[in-house]
Amino acid sequence: MVEKGYSEEDAERLKKLRVFSNEPGSYGNTIEDLVPASGTWENDDEIADVFINFVSFGYGQGIWGKPLKSAYKKNLEGVDITMHSRSSNIFKSLDTDGVFSELGGLALAVKRVKGSYPDVVLSNQADPDNAFVEDIETAIGKELRSRYLNPKWIEGMKKENYAGAREMNRFTEHLWGWKVVTPFAVDGTEWQQIYEVYIQDKYGMQLKEFFDKNNPWARESLAARMLEADRKG
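Everything quoted here is computed from the prediction, not taken from an experiment. Throughout this document, residue positions are counted from 1 along each chain, in the order its sequence is written. Only residues with pLDDT of at least 70 are given local features in this predicted model, and only at 80 or more are side-chain atom pairs given and counted; all residues enter the totals for whole chains, interfaces and linings. Only hydrogens and water are set aside; all other atoms, that is, all heavy atoms of the structure, feed into the side-chain values.

(A) Quick look at the side chain of Lys92. Helical segments are the DSSP runs of H or I of at least four residues, strand segments are the runs of E of at least two, and each set is numbered from the N terminus. Structurally, Lys92 can be placed in the loop between β4 (81–86) and α5 (97–114). We call a residue buried when its accessible area falls under 20% of the maximum for its residue type, exposed when it is over 50%, and partly exposed in between, using a 1.4 Å probe and counting protein chains only. Here the positive residues are Lys and Arg and the negative ones are Asp and Glu; neither His nor the chain ends is included. Definition used for salt bridges: Asp or Glu carboxyl oxygen within 4 Å of a side-chain nitrogen of Lys or Arg. One buried charge, Lys92, has no salt-bridge partner; the nearest side chain with opposite charge is Glu143, at 5.8 Å.

Next up, the structure:
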């Protein structure tokens, strides 16, 4: 930090910072909007840089929201594992864009700085007496099988008409988010299974008729996202 122009006193104080977040008054890191807009970026370095720009404000004794990108990136060099703790089974990693944008975004930022990904894990504390940690690949695979590829879940969504169709499309957007920020967490087999269930109607659930009646845009968007994932490689 001295080499970057900080005084000895400031460098001594700033090197101890371990808490970084948004600038005071702001919220989020915007990659939850950037990742779906896949026609506006070419590679994941651009996304990592946006994440770093938004969350590299330091907090500590006598420091509140100071922009310290160099110090933040120096901290990222030493990160070997990134973790998100969850205490409920209501919302999981594919139900919202907040998990891939925060946990996945942080992992991508570490990769941008170090050149390699850290371990990316979820701490599941829904049952405090049986808490456990699992890697993001396992968590996503379990969620797909138990919810989104499960005919019982699909039947439940069909009862919600427009909103249910929207949820069917929404999880594919969040899966795309994970594919962008942590490519190792999602493979082609999972996309193929989604195609078979939702486009080919593997379970014979009259899904095209359901979408056509309640929310045709959701099916179009779901198919378009898979085509875009293929286009982006």
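Read on for the rest.
(B) Fine view of the pairing of strand β2 (residues 57–60). Pairing between strands is defined by DSSP: at least two bridges between them are needed. Note: strand β1 (residues 19–21) against β2, 3 bridges, orientation antiparallel. In the strand pairing of β2, Phe20 is matched with Gly58.

(C) Here's a closer look at the packing of aromatic side chains. Stacked, tilted and edge-to-face are the three classes applied to pairs of Phe, Tyr and Trp rings, where Trp contributes its six-membered ring and a pair requires centres within 6.5 Å; stacked means planes under 30 degrees apart, edge-to-face means over 60, and tilted covers the rest. Enumeration over the complete set of coordinates arrives at 9 aromatic pairs. Between Trp153 and Phe171, the aromatic rings sit 6.4 Å apart at their centres with planes inclined by 90 degrees, giving edge-to-face as the arrangement. In this pair, Trp153 is assigned in helix α7 (residues 151–158) and Phe171 in helix α8 (residues 161–181), connecting sequence segments 18 residues apart. A relative accessible area of 17% places Trp153 in the buried class. Classification of Phe171 by relative accessible area gives buried; the value is 1%. With a centroid separation of 5.6 Å and 50 degrees between ring planes, the pair formed by Phe171 and Tyr198 is classed as tilted. Placement of Phe171 in helix α8 and of Tyr198 in helix α9 (residues 188–199) is noted, with a sequence separation of 27 residues between them. Chaining the aromatic ring pairs together yields one cluster made of Tyr148, Trp153, Phe171 and Tyr198. Look at NZ for Lys and CZ for Arg. If either is within 6 Å of the ring centre and within 35 degrees of the ring normal, a charge sits over the ring. When the ring centre of Trp41 is taken as reference, the NZ or CZ atom of Lys232 above it lies at 3.9 Å.

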